[in-house]
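Commentary on secondary and tertiary structure
Each chain, letter by letter, is given below.
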Amino acid sequence: MYYKAAQEMALANGEDFHLAALLWRRGRLVRIGINGRESKLFQRFYSGKSQELQQRAYCAHAEMQALLVAQEGDYLEVLRWTKDGKLAHSKPCRFCKKWIKRTKVQARFINQMGEWEKLILE
């Protein structure tokens, strides 16, 4: 039930990538994060050849959205779907891994074989 809702939300995000992150606390769903550009909480700077060409872009990865309310001991699941609704590799990026480590939550993602894999943080 929760995965189907997450899938529908992710596929409707208007982006090229359709990710959802489900944050669980003591067996209960706390939040579903979806990737998108509508959040002004997370910004990145892209540099050009000169300082004047530096650009700011806003993005929110699904993991970042879910982790906004995370508490130590919570559990995060990261999923990604292709446009046609098939599960795809969903390993968090290096920025999201830092957030996951900082919030002290455990996480798992869908690997290239289409199976759940525990996220190992160094």
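Below: a short report on this structure. Model, not experiment: these values are computed from the prediction. (Residues numbered from 1 in each chain as written. Predicted model: local features only at pLDDT ≥ 70, side-chain atom pairs only at ≥ 80, totals over all residues. Heavy atoms only, no water.)

1. Overview of the pairing of strand β5 (residues 75-81)
Regular strands place their side chains on alternate faces of the sheet. As a reminder of what qualifies: Relative accessibility decides the category of a residue: with a 1.4 Å probe and only protein chains considered, values under 20% of the type maximum give buried, values over 50% give exposed, and everything between is partly exposed. A run of H or I in DSSP counts as a helix once it spans at least four residues, and a run of E counts as a strand once it spans at least two, with each numbered from the N terminus. One requirement defines pairing of two strands: DSSP has to find at least two bridges between them.
Most of β5 is tucked away: five of the seven residues are buried. As paired elements, strand β1 (residues 18-25) and β5 share seven bridges and run antiparallel to each other. Note on β5: the bridge partner recorded for L22 is E77. Two elements, β5 and strand β7 (residues 106-110), share four bridges in a ladder whose sense is parallel. When the sheet's bridge partners are listed, V78 is paired in β7 with F109. Bridge analysis of β5 against strand β6 (residues 87-88) gives two bridges, and the strand direction is antiparallel. Its bridge partner being in β6, R80 is matched across the sheet by A88.

2. Some details on the pattern of salt bridges
For side chains bearing opposite charge, pairing can occur when the charged atoms are close. Going by this rule: For salt bridges, the criterion is a side-chain nitrogen of Lys or Arg within 4 Å of an Asp or Glu carboxyl oxygen.
Following the criterion strictly, the structure yields three salt bridges and no others. D74 is paired through a salt bridge with R25; the nearest N and O atoms lie 2.9 Å apart. With a gap of 49 residues between them, D74 in the loop between α2 (62-67) and β5 and R25 in strand β1 connect regions that are remote in the sequence. Taken as a pair, D74 and R25 share a single burial class, namely buried. A salt bridge links D84 to K86; the shortest N-O distance between them is 3.9 Å. Each member of the pair D84 and K86 is classed as exposed.

3. Brief notes about unusual backbone geometry
Despite not being glycine, R26 shows a phi value in the positive range, around 50 degrees. Considering the arrangement of structural elements, one finds R26 in the loop between β1 and β2 (28-34). Given a relative accessible area of 76%, R26 falls into the exposed group. One non-glycine residue, K104, lies in the positive phi region at around 60 degrees. On the secondary structure map, K104 appears in the loop between α3 (94-103) and β7.

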